Amino acid sequence: MKLAAARKSLLHLPALPKTGTIAGVRHFSGEVDDTHKPVPPPPTSWAVPEIVSLLKTTDHNDWISSSQLVEFLHSPPSPTSLLKITRQLGSTQKSLHFFEFFKNHSSSSSSNPSSLSFTFQAILEQAMHEEKFDVPGKLFQLFSFAKDQKIPLSINAVTLLIRCFGRAKMLKESISVYNELDSDLRNTNVVNLLLDSLFRGGNIDDGFKVLDEMLKRDSDFPPNNSTVRIVLASMWKINWIGTRMTVEDICGLLVRFFEHGVFLDDVWFTKLITKFCRSGKCDKAWDLLHDMMRLGGQAKASSFNALLSGLGRERDFQKMNLLTNEMKEKEVEPDVVTFGILINHLCKSYRVDEALQVFEKMGRSETDAILIKPDLVLYNTLIDGLCKVGKQEEGFKLMEKMRLENRLPNTVTYNCLIDGFCKAGGIERSLELFDQMKKDRVVPNVITLNTLLHGMCKLGRVNSAMRLFAEMQEKGLKGNAITYTILITSFCSVNNIDRAMSLFNEMSENRCLPDAKLYFSLIFGLCQAQRMDDASCIASKAKEAGFGLNIVCYNALIGGLCRKNKIDEVHKTLKNMEEAGIKPDMYTYNTLISYFSEKGQFTTANRILKRMIGDGYLPNVFTYGALIHAYCLAGNLDEAMEIFQNMSSASNVPPNTVIYNILIDTLCKSDKVEAAISLLGEMKDKGVRPNTKTYNALFKGLQERNWVEKAFEIMDQMTENACNPDYITMEVLTPWLSSIGETEKLRSFVEGYEVSTSTA
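The structure reproduced in this document is the subject of the present report. (Residues numbered from 1 in each chain as written. Predicted model: local features only at pLDDT ≥ 70, side-chain atom pairs only at ≥ 80, totals over all residues. Heavy atoms only, no water.)

### Concerning the overall build of the protein
At step 1: Of regular secondary structure, the protein possesses 42 helices and zero strands.
At step 2: For a compact globule of 760 residues, the expected C-alpha radius of gyration is about 27 Å, and the protein comes in at 45 Å, more than 25% above that figure.
At step 3: Overall size of the protein, expressed as C-alpha extent along the three principal axes, is 155 × 70 × 55 Å.
At step 4: For the protein, the residues scored as buried account for 48% of the 760 residues in total.
At step 5: Across the protein, contacts joining residues at least 24 apart in sequence account for 65% of those joining residues at least 6 apart.
At step 6: The averaged location of the 90 negative side-chain charges in the protein is 5 Å from the averaged location of its 88 positive side-chain charges. (Helix = DSSP H or I, 4+ residues; strand = E, 2+ residues; numbered from the N terminus. Rg over C-alpha atoms; globule rule 2.2 N^0.38 Å. Buried < 20%, exposed > 50% of the residue type's maximum accessible area, 1.4 Å probe, protein only. Contact = heavy atoms within 4.5 Å. Lys, Arg positive; Asp, Glu negative; His and termini not counted. Charge placed at Lys NZ, Arg CZ, Asp CG, Glu CD.)

Structure below.
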């Protein structure tokens, strides 16, 4: 039944005669408190079950003819007896008939208004339990009837109505019930119900008006614990923090509660402290805790722990120390969580020595301290902290100590130690721990597997890693995206692309979704192996999976396509970059400049150079090196030398060994050995160290001129610079010096050196 219809039907109440209406009663009456206003006992004692039975077995139209009921009315029953009788009549309609009968024929209905209040309260209770579909509508009918007939209601009746209307979000009706209540009868509990109704119904502004009245220093209805719970529950549900109210506003509101001696319980206080700290308001959480203690409230360890945790995330160890000292002063006993927080944040800040000191305090018996046994989580935290600062052996000893205290290590314990030894290069020790883990019947997880695989692959033991992976798969431990990323990246790094692709396909078969890092690693490896078709295919799959390529991937693709001379694909890739909103970087431009320069397309290369400068990238040594190398290959030595001269003077980019080598080699091949030797001297003056390739280029040029004495000088310089000759050096010098009888000079030159079998 809708509310409007409910108001019209009036529960099919019979029209009551106006006689017997209580004059002068304009407000609801309060519940009779027998301890303050004792009701005199009736002249005749009536048994409630006897009256109920009589009322149920007699038609209501014949009640007035019953001598027993008439006698009952003339011997005024107590309000409590009337309440019990009405509750047991079985139906709202029957109860209303009894109310009418009592109101019209009993003298006590006018002399004692509480009699009517209690009787009508029972009717409301009966209606509430009897109605199955529209309880608020039915109660509103009865409430309207009570207003029209000026029937006083008890406090319990008012409470019932406000609670019911509040849950139905009938705010106007809740306020109407409250306003009809005499101000002398109002109390904090009734106001709390109204406040809850307003907040539940979303009338926040009126709710705060009521709350402000309660929080005044001389309030007639001061707040209690229920008040603060109502406010906090609404605050949490609607998420006022940071939206409707700032943290500062909420702290100010709570301080007003504290001034009334109303404090938060430990659960709510801990939730608020945690919320403030996670919002970056540790300072306000600190102030709130101290305001509560200053005004007489008591905080427990959990509230201190929440603040300690927030301060730890901010690395504010000074305040953490102050707070732990305050716990001691306030006689708040720390628990294992307190120590766990301190140790955890000290370890995260790599202050493991201090964490160990805190750990020792837990187990040391003192007259003013309580012994707290560390739990497994705390042990694992400390072991992990030790391993992260390279103290794996100390972490291992702590695990052994843990065993002595009957704390058996778990998977996390072993994972921390295995990771620590792997990162220190101690893969054999990690494998020993892995074997011990199996002996202890501690089940390894995918983190254990990934840690070992990463440690083995880092040392180049990729095949051993694959054997371990296969073994673990046979035992039912499947790898995840990180597992495959480790293995695929490792195979790419050793140019075993076929194995990497096989693992990638295996991932799909095992329904293991690749992540962005795996896609990018595979693209980079394929580009390095010049398998550009496969690289482009993987790039397309990455995009289909929702992973946009980054600039590193695009650069790898562009570089690989340039090496394969697929210029159309290069243009297509550049267009894809632009559509994806990724701008070329220095590496992109240098790759393109190098490619077009080597192809002799200097006009295109210079156009790209201008665009690079326009995008804010100044040419670097690689840019100049690419241009110089290309002009040298094209036989345009003059242009190459001009760019070389502009590097230091105009661009302030000092040339490196590679650029000097390119020019020295080209000058020697062009029979300009003097200029090449001059550049070697310039290298020395500018502190650029020549390498074997530098000297080999000069030896070739000097051999063509047959400048033996100059060659000897260059050989001496090479010896002074501890530059190791390679097989090219020997191919040039051996036949030349042997032919002129300088074999001893050659022997002396190579003495003490192990001639390299490859070029520098």
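### What about the packing of helix α34 (residues 602-614) against helix α35 (residues 621-633)?
At step 1: Where α34 contacts α35, the two axes come as close as 12 Å, and the packing angle between them is 170°. Our classification of the angle between α34 and α35 gives roughly antiparallel. Of the residues in α35, those in contact with F602, A605, N606, L609 and M612 of α34 are T623, L627, A630 and Y631.
At step 2: Across the contact of α34 with α35, the residue classes tally to seven nonpolar, two polar and no charged. (Axes fitted to C-alpha atoms, helices over the stretch in contact; angles between N-to-C directions. Parallel < 35°, antiparallel > 145°, perpendicular 65-115°, else oblique. Nonpolar A, V, L, I, M, F, W, Y, C, P; charged D, E, K, R; others polar.)

### Structural notes on the pattern of salt bridges
At step 1: Across all of its chains, the model carries 30 salt bridges by this definition.
At step 2: Salt-bridge contacts for K388 lead to D384; the nearest nitrogen and oxygen are separated by 3.0 Å. Note that K388 and D384 are positioned in helix α21 (residues 376-388) at a spacing of four residues, about one turn of the helix.
At step 3: The partner of E713 in a salt bridge is K710, with the nearest N and O atoms 3.1 Å apart. Taken together, the residues E713 and K710, both in helix α40 (residues 708-720) and three residues apart, mark about one turn of the helix.
At step 4: One network of salt bridges, in which partners are shared, links D435, K438, E471 and K475. (Salt bridge = Lys/Arg side-chain N within 4 Å of Asp/Glu carboxyl O.)

### Some thoughts on the side chain of N305
At step 1: Among the secondary structure elements, N305 is positioned in helix α17 (residues 301-313).
At step 2: In this structure the side chain of N305 is engaged in a polar contact, spanning 2.7 Å, whose partner is the side chain of T338. (Polar contact = N/O pair within 3.5 Å; in protein donor to acceptor, adjacent residues only side chain to side chain.)

### Some words on the environment of R747
At step 1: Mapped onto the secondary structure, R747 falls in helix α42 (residues 743-750).
At step 2: In this structure the C-alpha to C-alpha distance between R747 and G166, which are 581 residues apart in sequence, comes to 105 Å.

### Things to note about unusual backbone geometry
At step 1: A positive phi angle, close to 60°, is found at K169, a residue other than glycine.
At step 2: Tracing the sequence through the fold places K169 in the loop between α9 (155-167) and α10 (171-180).
At step 3: Using a relative accessible area of 56% as the deciding quantity, one classes K169 as exposed.
At step 4: The phi dihedral of Y350 falls on the positive side, at around 60°, and the residue is not glycine.
At step 5: With respect to the element layout, Y350 can be found in the loop between α19 (336-348) and α20 (352-363).

### Brief notes about helix α36 (residues 637-649)
Each α-helix turn comprises 3.6 residues. Residues three or four places apart therefore point the same way.
At step 1: Counted at 1.5 Å a residue, the expected span for α36 with its 13 residues is 18 Å, and the 19 Å between its end C-alpha atoms agrees.
At step 2: Looking at the buried positions of α36, the neighbouring elements they touch are α35, α37 (657-669) and α38 (673-686). (Expected span 1.5 Å × (residues − 1).)

### Describing helix α7 (residues 113-130)
At step 1: Spanning 18 residues, α7 covers 26 Å between terminal C-alpha atoms, matching the ideal 26 Å at 1.5 Å per step.
At step 2: Of all 18 residues in α7, 14 are buried; the element is thus mostly enclosed.

### Some points on the packing of aromatic side chains
At step 1: Summed over the entire model, instances satisfying the criterion amount to 18 aromatic pairs.
At step 2: On the basis of an interplanar angle of 65° and a centroid distance of 5.6 Å, the ring pair of W63 and F101 is categorised as edge-to-face. Taken together, the positions of W63 in the loop between α2 (48-57) and α3 (67-74) and F101 in helix α5 (residues 92-105) put the pair 38 residues apart, joining distant regions of the chain.
At step 3: Judged by relative accessible area, which is 6%, F101 ranks as buried.
At step 4: A connected cluster of aromatic rings, assembled from ring pairs, spans F99, F120 and F145.
At step 5: Its guanidinium or amino end placed over the ring of F317, R351 lies 4.3 Å from that ring's centre, counting from NZ or CZ. (Phe/Tyr/Trp six-rings, centres within 6.5 Å; stacked < 30°, edge-to-face > 60°. Lys NZ or Arg CZ within 6 Å of the ring centre and 35° of its normal.)

### So, the packing of α9 against helix α11 (residues 188-200)
At step 1: Running from N to C, α9 and α11 point in directions that differ by 10°, and their axes come no closer than 8 Å. Considering the angle they form, α9 stands roughly parallel to α11. Where α9 approaches α11, its residues I155, V158, T159, I162, R163, G166 and R167 are matched on the opposing element by V190, L193, L194, S197 and R200.
At step 2: Looking at side-chain class alone, the contact of α9 with α11 contains six nonpolar, three polar and three charged residues.

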